[in-house]
Amino acid sequence: MAVDFRCAVHGSVFWGCVIILSNVLCPIDAYLYNNRYAGDQVFRITPSNEGEVQELKKLLGNIKVDLWQPNSASLIRHNATVDVHVRRNNTRGLRACLQKEHIYFKVFISNLQKEIEKQTGYGSSRKRRSESQYDYEVYHSLEEIQSWMFEINRTHPHLVDMFSIGRSYEGRPLYVLQLGKRTRSYKKAVWIDCGVHAREWIGPAFCQWFVKEALHSYQYDSVMRRLMNQLNFYIMPVFNVDGYIFSWTTDRFWRKTRSKNRKYHCRGVDANRNWKVKWCEEGASSHPCDDTYCGPFPESEPEVKAVAKFLRKHKKRVKAYVSIHAYAQMLLYPYSYKYATIPNFNCVESAAHNAVTALYSAYGVRYRYGPASTTLYVSSGSSMDWAYRNGIPYAFAFELRDTGYFGFLLPEALINPTCTETMRAVKTISSGLLKKCETGTYQLDRERYPYL
(Lines give C-alpha, C1' and ligand atoms only; values in the text may rest on other atoms or scores of the structure.)
Protein backbone atom coordinates (compact mmCIF):
# COMPACT_ATOMS: atom_id res chain seq x y z
CA MET A 1 0.00 0.00 0.00
CA ALA A 2 1.25 3.50 -0.79
CA VAL A 3 0.28 6.52 1.25
CA ASP A 4 -0.32 9.88 -0.41
CA PHE A 5 -0.40 12.96 1.82
CA ARG A 6 -2.39 16.10 1.14
CA CYS A 7 -1.87 18.92 3.56
CA ALA A 8 -5.16 20.66 4.28
CA VAL A 9 -4.64 24.27 5.24
CA HIS A 10 -7.39 26.68 6.23
CA GLY A 11 -5.94 30.16 6.60
CA SER A 12 -2.93 29.74 8.85
CA VAL A 13 -4.36 26.71 10.60
CA PHE A 14 -2.99 23.26 9.70
CA TRP A 15 -5.67 20.60 9.92
CA GLY A 16 -3.44 17.62 9.24
CA CYS A 17 -2.92 15.32 6.32
CA VAL A 18 -5.56 13.42 4.42
CA ILE A 19 -4.27 9.95 3.69
CA ILE A 20 -5.22 8.30 0.42
CA LEU A 21 -4.39 4.64 -0.07
CA SER A 22 -3.54 3.03 -3.38
CA ASN A 23 -1.99 -0.24 -4.44
CA VAL A 24 1.54 -0.24 -5.79
CA LEU A 25 3.94 -2.96 -6.74
CA CYS A 26 7.08 -3.11 -4.61
CA PRO A 27 9.63 -5.58 -5.97
CA ILE A 28 11.26 -7.51 -3.16
CA ASP A 29 14.56 -9.27 -3.69
CA ALA A 30 16.47 -11.57 -1.35
CA TYR A 31 18.12 -8.81 0.64
CA LEU A 32 18.75 -8.39 4.34
CA TYR A 33 15.41 -8.22 6.21
CA ASN A 34 13.75 -9.04 2.86
CA ASN A 35 14.58 -5.53 1.66
CA ARG A 36 11.82 -4.16 3.91
CA TYR A 37 13.64 -0.86 4.54
CA ALA A 38 14.45 0.01 0.92
CA GLY A 39 13.60 3.67 0.37
CA ASP A 40 12.76 4.30 4.03
CA GLN A 41 14.27 7.49 5.41
CA VAL A 42 15.18 9.04 8.75
CA PHE A 43 14.11 12.65 9.22
CA ARG A 44 15.46 15.02 11.84
CA ILE A 45 12.72 17.56 12.56
CA THR A 46 13.07 20.63 14.78
CA PRO A 47 9.84 22.42 15.74
CA SER A 48 10.69 25.99 16.74
CA ASN A 49 7.64 26.87 18.82
CA GLU A 50 4.71 25.30 20.65
CA GLY A 51 2.44 25.70 17.63
CA GLU A 52 4.81 23.70 15.46
CA VAL A 53 5.07 21.07 18.20
CA GLN A 54 1.30 20.55 18.13
CA GLU A 55 1.19 20.43 14.33
CA LEU A 56 4.02 17.91 14.27
CA LYS A 57 2.27 15.71 16.81
CA LYS A 58 -0.89 15.78 14.68
CA LEU A 59 1.06 14.98 11.56
CA LEU A 60 2.94 12.06 13.07
CA GLY A 61 -0.30 10.80 14.58
CA ASN A 62 -1.74 10.41 11.09
CA ILE A 63 0.89 7.97 9.88
CA LYS A 64 2.68 4.94 11.27
CA VAL A 65 6.20 6.10 12.05
CA ASP A 66 9.02 4.80 14.21
CA LEU A 67 10.16 7.51 16.60
CA TRP A 68 13.86 7.17 17.40
CA GLN A 69 14.33 10.27 19.56
CA PRO A 70 12.37 10.92 21.65
CA ASN A 71 10.68 7.53 21.84
CA SER A 72 7.17 8.95 22.32
CA ALA A 73 5.34 11.81 20.59
CA SER A 74 4.26 13.09 24.00
CA LEU A 75 7.90 13.99 24.66
CA ILE A 76 8.28 16.26 21.62
CA ARG A 77 9.36 19.76 22.69
CA HIS A 78 10.10 22.97 20.79
CA ASN A 79 13.74 23.57 19.82
CA ALA A 80 14.47 19.89 20.50
CA THR A 81 15.22 17.58 17.61
CA VAL A 82 12.91 14.74 16.66
CA ASP A 83 14.43 11.76 14.83
CA VAL A 84 11.84 9.69 13.03
CA HIS A 85 12.05 6.65 10.75
CA VAL A 86 9.56 7.09 7.90
CA ARG A 87 8.49 4.34 5.52
CA ARG A 88 9.21 4.86 1.85
CA ASN A 89 5.56 5.36 0.89
CA ASN A 90 5.25 8.24 3.38
CA THR A 91 8.45 10.18 2.80
CA ARG A 92 7.22 12.49 0.01
CA GLY A 93 4.04 13.36 1.81
CA LEU A 94 5.76 14.08 5.10
CA ARG A 95 8.30 16.27 3.36
CA ALA A 96 5.52 18.22 1.63
CA CYS A 97 3.59 18.76 4.86
CA LEU A 98 6.65 19.91 6.77
CA GLN A 99 7.54 22.34 4.00
CA LYS A 100 3.97 23.62 3.89
CA GLU A 101 4.04 24.33 7.61
CA HIS A 102 7.59 25.74 7.50
CA ILE A 103 8.78 23.25 10.09
CA TYR A 104 12.53 22.81 9.79
CA PHE A 105 13.78 19.33 8.90
CA LYS A 106 16.56 17.50 7.15
CA VAL A 107 16.91 13.93 5.96
CA PHE A 108 19.64 12.18 7.95
CA ILE A 109 19.38 8.82 6.21
CA SER A 110 18.06 8.78 2.64
CA ASN A 111 17.92 4.99 2.19
CA LEU A 112 17.67 3.02 5.39
CA GLN A 113 18.18 -0.37 3.75
CA LYS A 114 21.59 0.66 2.45
CA GLU A 115 22.64 1.99 5.85
CA ILE A 116 21.58 -1.25 7.55
CA GLU A 117 23.61 -3.31 5.11
CA LYS A 118 26.61 -1.00 5.52
CA GLN A 119 26.39 -1.24 9.31
CA THR A 120 26.34 -5.01 9.48
CA GLY A 121 28.83 -5.67 6.69
CA TYR A 122 26.11 -7.70 4.99
CA GLY A 123 27.49 -10.76 3.27
CA SER A 124 30.65 -11.03 5.37
CA SER A 125 31.24 -13.98 7.65
CA ARG A 126 31.15 -13.21 11.38
CA LYS A 127 31.54 -16.72 12.76
CA ARG A 128 34.41 -17.11 15.22
CA ARG A 129 35.41 -20.50 16.62
CA SER A 130 37.64 -19.45 19.51
CA GLU A 131 38.20 -16.49 21.76
CA SER A 132 41.51 -15.64 20.09
CA GLN A 133 39.75 -15.33 16.72
CA TYR A 134 36.73 -13.47 18.07
CA ASP A 135 36.25 -10.08 16.42
CA TYR A 136 35.17 -7.45 18.95
CA GLU A 137 34.81 -4.84 16.21
CA VAL A 138 31.75 -6.35 14.56
CA TYR A 139 28.21 -6.87 15.85
CA HIS A 140 27.41 -10.43 16.86
CA SER A 141 24.23 -12.49 16.94
CA LEU A 142 22.94 -13.88 20.24
CA GLU A 143 24.19 -17.36 19.33
CA GLU A 144 27.69 -16.02 18.75
CA ILE A 145 27.64 -13.96 21.96
CA GLN A 146 26.54 -16.90 24.08
CA SER A 147 29.14 -19.20 22.51
CA TRP A 148 31.75 -16.53 23.27
CA MET A 149 30.55 -16.40 26.89
CA PHE A 150 31.03 -20.15 27.29
CA GLU A 151 34.52 -19.86 25.79
CA ILE A 152 35.47 -16.94 28.07
CA ASN A 153 34.25 -18.94 31.05
CA ARG A 154 36.25 -21.99 29.97
CA THR A 155 39.52 -20.15 29.32
CA HIS A 156 39.55 -17.87 32.41
CA PRO A 157 38.43 -20.08 35.31
CA HIS A 158 40.19 -18.00 37.98
CA LEU A 159 38.61 -14.69 36.95
CA VAL A 160 35.28 -15.63 35.36
CA ASP A 161 32.15 -17.45 36.46
CA MET A 162 29.18 -17.85 34.13
CA PHE A 163 25.66 -18.57 35.31
CA SER A 164 22.01 -18.12 34.33
CA ILE A 165 19.63 -16.02 36.40
CA GLY A 166 16.46 -17.27 34.70
CA ARG A 167 14.78 -17.61 31.33
CA SER A 168 13.24 -15.17 28.88
CA TYR A 169 9.60 -15.14 27.75
CA GLU A 170 10.52 -17.42 24.85
CA GLY A 171 12.53 -19.72 27.12
CA ARG A 172 16.10 -18.60 26.42
CA PRO A 173 18.62 -18.62 29.29
CA LEU A 174 19.59 -15.24 30.75
CA TYR A 175 23.35 -15.53 31.12
CA VAL A 176 25.57 -13.37 33.32
CA LEU A 177 29.35 -13.32 33.60
CA GLN A 178 30.91 -12.64 37.00
CA LEU A 179 34.37 -11.10 36.68
CA GLY A 180 36.83 -10.72 39.55
CA LYS A 181 39.59 -12.48 41.41
CA ARG A 182 38.25 -14.94 43.94
CA THR A 183 40.08 -13.55 46.93
CA ARG A 184 37.43 -13.28 49.64
CA SER A 185 33.81 -14.07 50.33
CA TYR A 186 32.62 -10.47 50.54
CA LYS A 187 33.46 -7.96 47.81
CA LYS A 188 31.65 -4.89 46.59
CA ALA A 189 30.12 -5.40 43.17
CA VAL A 190 29.21 -3.52 39.99
CA TRP A 191 26.30 -4.62 37.80
CA ILE A 192 26.45 -3.79 34.07
CA ASP A 193 23.67 -4.71 31.65
CA CYS A 194 23.48 -4.17 27.91
CA GLY A 195 20.82 -4.77 25.28
CA VAL A 196 17.75 -3.81 27.31
CA HIS A 197 16.37 -2.33 24.08
CA ALA A 198 16.89 -4.76 21.22
CA ARG A 199 17.82 -2.31 18.45
CA GLU A 200 20.67 -0.70 20.43
CA TRP A 201 23.37 -3.07 19.19
CA ILE A 202 26.30 -1.01 20.45
CA GLY A 203 25.24 -2.04 23.98
CA PRO A 204 26.04 -5.77 23.73
CA ALA A 205 29.18 -4.84 21.78
CA PHE A 206 30.33 -2.76 24.76
CA CYS A 207 29.61 -5.47 27.32
CA GLN A 208 31.75 -7.88 25.32
CA TRP A 209 34.46 -5.23 24.96
CA PHE A 210 34.45 -4.61 28.72
CA VAL A 211 34.98 -8.31 29.46
CA LYS A 212 37.75 -8.56 26.87
CA GLU A 213 39.58 -5.50 28.19
CA ALA A 214 39.20 -6.49 31.84
CA LEU A 215 40.66 -9.94 31.23
CA HIS A 216 43.35 -9.00 28.74
CA SER A 217 44.63 -5.99 30.71
CA TYR A 218 44.56 -7.69 34.11
CA GLN A 219 48.27 -8.53 33.99
CA TYR A 220 49.65 -5.16 32.87
CA ASP A 221 47.06 -2.51 33.89
CA SER A 222 47.40 -1.75 37.59
CA VAL A 223 44.03 0.04 37.72
CA MET A 224 42.16 -2.87 36.14
CA ARG A 225 44.01 -5.38 38.31
CA ARG A 226 43.04 -3.46 41.46
CA LEU A 227 39.42 -3.30 40.32
CA MET A 228 39.29 -7.03 39.57
CA ASN A 229 40.99 -7.87 42.88
CA GLN A 230 38.74 -5.69 45.03
CA LEU A 231 35.44 -5.76 43.14
CA ASN A 232 33.19 -8.23 41.37
CA PHE A 233 31.60 -7.25 38.07
CA TYR A 234 28.33 -8.82 37.00
CA ILE A 235 28.06 -8.43 33.23
CA MET A 236 24.84 -9.21 31.33
CA PRO A 237 25.73 -8.74 27.63
CA VAL A 238 22.16 -9.20 26.34
CA PHE A 239 19.30 -8.42 28.72
CA ASN A 240 16.49 -8.62 26.16
CA VAL A 241 17.53 -11.84 24.41
CA ASP A 242 14.23 -12.47 22.58
CA GLY A 243 14.04 -8.93 21.25
CA TYR A 244 17.70 -8.97 20.24
CA ILE A 245 17.20 -12.08 18.11
CA PHE A 246 14.11 -10.50 16.54
CA SER A 247 16.15 -7.40 15.67
CA TRP A 248 18.57 -9.65 13.78
CA THR A 249 16.05 -11.80 11.96
CA THR A 250 12.94 -9.72 11.33
CA ASP A 251 12.82 -6.09 12.44
CA ARG A 252 16.12 -4.25 12.83
CA PHE A 253 14.44 -1.49 14.89
CA TRP A 254 12.55 -3.64 17.37
CA ARG A 255 12.81 -2.17 20.87
CA LYS A 256 10.68 -4.17 23.29
CA THR A 257 10.59 -7.72 24.64
CA ARG A 258 8.59 -10.35 22.73
CA SER A 259 5.88 -11.26 25.25
CA LYS A 260 2.34 -11.74 23.94
CA ASN A 261 -0.69 -9.69 24.90
CA ARG A 262 -4.10 -11.30 25.36
CA LYS A 263 -6.15 -8.43 23.94
CA TYR A 264 -3.89 -7.10 21.18
CA HIS A 265 -1.79 -8.56 18.41
CA CYS A 266 1.02 -6.17 19.39
CA ARG A 267 3.85 -7.90 21.18
CA GLY A 268 6.37 -6.85 23.76
CA VAL A 269 6.93 -4.54 26.72
CA ASP A 270 9.50 -1.79 27.15
CA ALA A 271 11.92 -3.48 29.55
CA ASN A 272 12.96 -0.06 30.84
CA ARG A 273 9.42 0.90 31.86
CA ASN A 274 8.51 -2.36 33.60
CA TRP A 275 10.25 -1.86 36.95
CA LYS A 276 8.45 -1.36 40.23
CA VAL A 277 9.20 2.31 40.76
CA LYS A 278 6.45 4.81 39.86
CA TRP A 279 5.34 2.16 37.39
CA CYS A 280 3.36 3.30 34.33
CA GLU A 281 3.26 6.98 35.21
CA GLU A 282 4.69 9.86 33.17
CA GLY A 283 6.92 8.81 30.27
CA ALA A 284 5.42 5.34 29.97
CA SER A 285 2.42 4.10 27.98
CA SER A 286 -0.39 1.79 29.04
CA HIS A 287 -1.12 0.82 25.42
CA PRO A 288 0.43 -2.50 24.35
CA CYS A 289 1.17 -1.26 20.84
CA ASP A 290 3.36 1.65 21.99
CA ASP A 291 7.14 1.37 22.16
CA THR A 292 7.10 2.60 25.77
CA TYR A 293 4.42 0.13 26.93
CA CYS A 294 4.90 -0.45 30.66
CA GLY A 295 3.41 -3.96 30.68
CA PRO A 296 0.32 -5.35 32.44
CA PHE A 297 1.99 -5.04 35.86
CA PRO A 298 5.47 -4.33 37.32
CA GLU A 299 8.02 -7.04 36.58
CA SER A 300 5.58 -8.74 34.22
CA GLU A 301 8.54 -9.52 31.96
CA PRO A 302 10.55 -12.57 33.07
CA GLU A 303 13.76 -10.80 32.03
CA VAL A 304 13.03 -7.85 34.33
CA LYS A 305 11.86 -10.12 37.13
CA ALA A 306 15.03 -12.23 36.94
CA VAL A 307 17.38 -9.25 37.13
CA ALA A 308 15.36 -7.62 39.91
CA LYS A 309 15.45 -10.85 41.91
CA PHE A 310 19.20 -11.16 41.46
CA LEU A 311 19.86 -7.55 42.48
CA ARG A 312 17.60 -7.86 45.52
CA LYS A 313 19.51 -10.96 46.59
CA HIS A 314 22.86 -9.16 46.25
CA LYS A 315 21.74 -5.67 47.29
CA LYS A 316 24.26 -5.45 50.13
CA ARG A 317 27.15 -6.05 47.75
CA VAL A 318 26.12 -4.21 44.59
CA LYS A 319 27.22 -0.60 44.98
CA ALA A 320 26.93 0.52 41.36
CA TYR A 321 24.35 -0.22 38.67
CA VAL A 322 25.21 0.66 35.06
CA SER A 323 22.83 0.19 32.13
CA ILE A 324 24.15 0.73 28.60
CA HIS A 325 21.81 2.26 26.01
CA ALA A 326 21.98 4.29 22.78
CA TYR A 327 21.89 6.87 21.41
CA ALA A 328 22.43 10.46 22.64
CA GLN A 329 25.94 10.69 24.18
CA MET A 330 24.76 11.17 27.74
CA LEU A 331 25.49 9.84 31.21
CA LEU A 332 22.32 9.87 33.28
CA TYR A 333 21.56 9.29 36.93
CA PRO A 334 18.35 9.41 39.04
CA TYR A 335 15.78 10.54 39.03
CA SER A 336 14.07 9.66 35.79
CA TYR A 337 10.52 9.82 37.08
CA LYS A 338 10.55 13.24 38.72
CA TYR A 339 12.33 16.57 38.84
CA ALA A 340 14.12 16.28 42.18
CA THR A 341 17.61 16.01 43.61
CA ILE A 342 18.76 12.66 44.95
CA PRO A 343 19.98 12.59 48.58
CA ASN A 344 23.60 11.70 47.68
CA PHE A 345 23.67 14.10 44.73
CA ASN A 346 27.19 15.43 45.39
CA CYS A 347 28.78 11.99 45.30
CA VAL A 348 26.89 10.84 42.21
CA GLU A 349 27.38 14.14 40.38
CA SER A 350 31.11 13.99 41.09
CA ALA A 351 31.30 10.41 39.83
CA ALA A 352 29.44 11.38 36.64
CA HIS A 353 31.69 14.39 36.06
CA ASN A 354 34.84 12.30 36.48
CA ALA A 355 33.43 9.62 34.18
CA VAL A 356 32.61 11.95 31.28
CA THR A 357 35.98 13.68 31.73
CA ALA A 358 37.73 10.32 31.41
CA LEU A 359 35.58 9.48 28.39
CA TYR A 360 36.45 12.81 26.74
CA SER A 361 40.17 12.15 27.23
CA ALA A 362 40.09 9.31 24.68
CA TYR A 363 38.88 11.06 21.50
CA GLY A 364 37.43 14.40 22.58
CA VAL A 365 33.82 13.18 22.42
CA ARG A 366 31.55 15.25 24.65
CA TYR A 367 28.83 13.69 26.79
CA ARG A 368 26.16 15.59 28.64
CA TYR A 369 25.49 14.37 32.15
CA GLY A 370 22.91 14.97 34.83
CA PRO A 371 19.58 13.72 36.22
CA ALA A 372 17.72 11.78 33.54
CA SER A 373 14.50 13.76 33.97
CA THR A 374 16.14 17.09 33.11
CA THR A 375 18.96 15.89 30.84
CA LEU A 376 16.89 13.57 28.64
CA TYR A 377 13.19 13.32 29.58
CA VAL A 378 10.89 12.10 32.33
CA SER A 379 10.25 8.35 32.36
CA SER A 380 8.78 6.10 35.01
CA GLY A 381 9.46 2.46 35.79
CA SER A 382 13.13 2.58 34.76
CA SER A 383 15.78 0.14 35.95
CA MET A 384 18.07 2.95 37.05
CA ASP A 385 15.48 4.50 39.39
CA TRP A 386 14.59 1.04 40.67
CA ALA A 387 18.22 0.22 41.44
CA TYR A 388 18.65 3.49 43.31
CA ARG A 389 15.45 3.03 45.24
CA ASN A 390 16.57 -0.45 46.25
CA GLY A 391 19.71 0.78 47.91
CA ILE A 392 22.31 0.86 45.13
CA PRO A 393 23.88 4.29 45.74
CA TYR A 394 25.46 4.75 42.29
CA ALA A 395 22.95 4.09 39.50
CA PHE A 396 23.72 5.22 35.96
CA ALA A 397 22.44 4.87 32.42
CA PHE A 398 24.75 5.56 29.51
CA GLU A 399 23.41 6.68 26.15
CA LEU A 400 26.33 5.88 23.84
CA ARG A 401 27.23 7.33 20.43
CA ASP A 402 26.12 9.04 18.42
CA THR A 403 23.83 12.08 18.50
CA GLY A 404 21.70 11.04 15.54
CA TYR A 405 23.73 11.00 12.33
CA PHE A 406 23.78 7.19 12.40
CA GLY A 407 21.32 6.72 15.27
CA PHE A 408 20.81 3.03 15.98
CA LEU A 409 22.93 2.12 12.96
CA LEU A 410 26.32 3.02 14.42
CA PRO A 411 28.87 1.59 11.96
CA GLU A 412 31.11 -1.24 13.02
CA ALA A 413 34.10 1.04 12.39
CA LEU A 414 32.97 3.07 15.42
CA ILE A 415 32.68 0.13 17.83
CA ASN A 416 36.34 0.40 18.86
CA PRO A 417 36.42 4.13 19.69
CA THR A 418 32.97 4.07 21.27
CA CYS A 419 33.85 1.15 23.53
CA THR A 420 37.34 2.44 24.28
CA GLU A 421 36.06 5.77 25.59
CA THR A 422 33.14 4.17 27.46
CA MET A 423 35.57 1.74 29.08
CA ARG A 424 37.42 4.69 30.58
CA ALA A 425 34.18 6.08 32.00
CA VAL A 426 33.07 2.78 33.54
CA LYS A 427 36.53 2.18 35.03
CA THR A 428 36.38 5.65 36.58
CA ILE A 429 32.97 4.99 38.14
CA SER A 430 34.20 1.64 39.45
CA SER A 431 37.40 3.13 40.87
CA GLY A 432 35.31 5.65 42.76
CA LEU A 433 33.73 2.82 44.73
CA LEU A 434 37.11 2.07 46.28
CA LYS A 435 37.26 5.57 47.74
CA LYS A 436 35.08 7.09 50.40
CA CYS A 437 32.88 9.95 49.27
CA GLU A 438 32.73 12.42 52.11
CA THR A 439 29.96 14.60 50.69
CA GLY A 440 27.06 12.16 50.86
CA THR A 441 25.18 10.41 53.65
CA TYR A 442 23.15 7.97 51.61
CA GLN A 443 22.09 5.61 54.38
CA LEU A 444 20.95 8.45 56.64
CA ASP A 445 19.02 10.01 53.80
CA ARG A 446 17.39 6.68 52.98
CA GLU A 447 15.95 6.71 56.49
CA ARG A 448 14.74 10.28 56.12
CA TYR A 449 13.26 9.62 52.68
CA PRO A 450 11.80 6.07 52.83
CA TYR A 451 9.43 6.84 49.96
CA LEU A 452 12.23 7.35 47.41
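Here the structure is a predicted model, which is why all the values come from computation and not from measurement. Counting restarts for each chain: residues are numbered from 1 in the order of the written sequence. For this predicted model, a pLDDT threshold of at least 70 governs which residues receive local features, and a threshold of 80 or more governs which side-chain atom pairs are given and counted, while totals over whole chains, interfaces and linings are taken from all residues. Note: side-chain values were computed over all heavy atoms of the structure, leaving out hydrogens and water.

**Thoughts on the overall build of the protein chain**
Rule in force here: A run of H or I in DSSP counts as a helix once it spans at least four residues, and a run of E counts as a strand once it spans at least two, with each numbered from the N terminus. Burial here depends on accessible area, computed with a 1.4 Å probe over protein chains only, as a share of the maximum for the residue type. Under 20% is buried, over 50% is exposed, and the range in between is partly exposed. We call two residues in contact whenever any of their non-hydrogen atoms come within 4.5 Å of each other. Per-residue accessibility takes into account occlusion by the displayed protein chains alone, with areas from the Shrake-Rupley method and a 1.4 Å probe.
For the protein chain, the count of helices and strands is 13 helices and 14 strands. Sorting the 452 residues of the protein chain into buried and exposed places 57% on the buried side. Pairs at least 24 apart in sequence give 74% of the contacts found in the protein chain among residues at least 6 apart. Summed over its atoms, the accessible surface of the protein chain is roughly 19,900 Å², and 50% of this surface lies on carbon and sulfur atoms.

**Details of helix α4 (residues 142-155)**
Where we set the bar: A helix is expected to reach a length of 1.5 Å times the quantity of its residues less one.
Under the 1.5 Å per step criterion, the end-to-end length of α4 is 20 Å for 14 residues, consistent within 8% with the ideal 20 Å. For α4, the complete set of buried residues consists of L142, E144, I145, Q146, W148, M149, E151 and I152. Contacts made by the buried residues of α4 are with β7 (160-167), β8 (173-179), α5 (202-216) and α7 (241-249).

**Topic: the packing of aromatic side chains**
Which entries qualify depends on this criterion: Only the six-membered ring of Trp is used, alongside the rings of Phe and Tyr, when aromatic pairs are assigned; centres must lie within 6.5 Å, and planes under 30 degrees apart are stacked while those over 60 apart are edge-to-face, with the rest tilted. The rule is short: NZ of Lys or CZ of Arg within 6 Å of the ring centre and within 35 degrees of the ring normal puts a charge over the ring.
One pass over the full model with this rule turns up 29 aromatic pairs. Their ring planes at 50° and their centres at 6.5 Å tell us that F239 and W275 sit as a pair that is tilted. Separated by 36 residues along the polypeptide, F239 in the loop between β10 (231-236) and α7 and W275 in the loop between α7 and α8 (302-313) bring together distant segments of the chain. The same class applies to F239 and to W275, which are both buried. Given a relative accessible area of 0%, W275 falls into the buried group. Here the aromatic cluster, defined as three or more aromatic residues joined through ring pairs, consists of Y33, Y37, W68, F253, Y327 and F408. In this structure, K212 is placed above the aromatic ring of W209, and the distance from its NZ or CZ to the ring centre is 3.4 Å. We note R258 situated over the ring of W254; from NZ or CZ to the ring centre the distance is 4.7 Å.

**Some remarks on the sheet that holds strand β5 (residues 82-86)**
Just so we agree on the cut-off: Strands qualify as paired when DSSP identifies two bridges or more between them. Lines fitted to the C-alpha atoms define the axes, with helices restricted to the stretch that makes contact. Angles between their N-to-C directions range from 0 to 180 degrees.
A sheet is described by the order of its strands in space; here four strands give the open sequence β4-β5-β3-β6, paired in antiparallel fashion. Only two strands of the sheet have a single neighbouring strand rather than two, namely β4 (66-69) and β6 (104-109). Neighbour to neighbour, the strand axes of the sheet diverge by 30° on average, direction disregarded.

**What about helix α9 (residues 345-363)?**
Going by this rule: By arc we mean the arc of the directions from the helix axis to the C-beta atoms, nothing more.
The terminal C-alpha atoms of α9 lie 28 Å apart, and with 19 residues this matches the ideal 27 Å at 1.5 Å per residue to within 8%. Every buried residue of α9 is listed here: C347, V348, A351, A352, A355, V356, A358, L359 and A362. Down the axis, α9 shows its buried residues gathered within 155° of arc, on one side only. Packed against the buried residues of α9 are β12 (330-333), β13 (368-371), β14 (394-400) and α12 (415-432). Positive phi appears at G364, one or two residues downstream of α9, with a value of about 75°.

**Considering the pairing of strand β11 (residues 318-326)**
Of all nine residues making up β11, eight are buried, and the element is well covered by its neighbours. With six bridges connecting them, strand β9 (residues 188-194) and β11 associate as parallel partners. Looking at β11, one finds that W191 is bridged to Y321. Where β11 and β14 come together, seven bridges link them in parallel fashion. Within the sheet, the bridge partner assigned to S323 lies in β14 and is A397.

**Some points on the state of the cysteines**
For the record, the criterion: Two cysteine sulfurs form a disulfide in these notes if their separation is within 2.5 Å.
Within this structure, the stated rule accounts for four disulfides. At a sulfur-sulfur separation of 2.1 Å, the disulfide partner of C194 is C207. Looking down the S-S bond of the C194 and C207 bridge, the torsion is 80°, so its handedness is right-handed. Taken together, the positions of C194 in strand β9 and C207 in helix α5 put the pair 13 residues apart, joining distant regions of the chain. For the pair C194 and C207, a shared accessibility class is recorded, and that class is buried. One disulfide in the model links C266 with C289; its S-S distance is 1.8 Å. Measuring the twist about the S-S bond at about 80°, one finds the C266-C289 disulfide to be right-handed. In this pair, C266 is assigned in the loop between α7 and α8 and C289 in the loop between α7 and α8, connecting sequence segments 23 residues apart. Take C419: it sits in no disulfide, and the sulfur closest to it among the cysteines is that of C194, at 8.7 Å.

**Here we look at the sheet that holds β14**
Ordered in space as β7-β8-β10-β9-β11-β14-β12-β13, the eight strands form an open sheet in which the pairing is mixed. The strands lining the two open edges of the sheet, one partner per strand, are β7 and β13. Geometrically, the sheet is characterised by an average inter-axis angle of 20° between neighbouring strands, direction not taken into account. Helix-sheet contacts for α5 involve β7, β8, β9, β10, β11 and β14, and the interaxial angle to β9 is about 145°. Helix α6 (residues 222-230) rests against β8, β9 and β10 of the sheet, and its axis sits at about 90° to β10.

**Focus: the UniProt feature "active site" (unreviewed entry) in the protein chain**
Rules: UniProt positions are given in the numbering used here, feature names are shortened, and annotations may be inferred rather than shown by experiment. Counting of polar contacts relies on pairs of N or O atoms within 3.5 Å, with two restrictions inside protein: one atom must be capable of donating a hydrogen and the other of accepting it, and residues adjacent in sequence are counted only when both atoms are side-chain atoms.
Summarizing the sequence annotation, UniProt attributes the feature "active site" (unreviewed entry) to E399 in the numbering used throughout. Along the polypeptide, E399 turns up in strand β14. In terms of polar contacts, E399 uses its side chain to reach the backbone amide nitrogen of Y327, at 3.4 Å.

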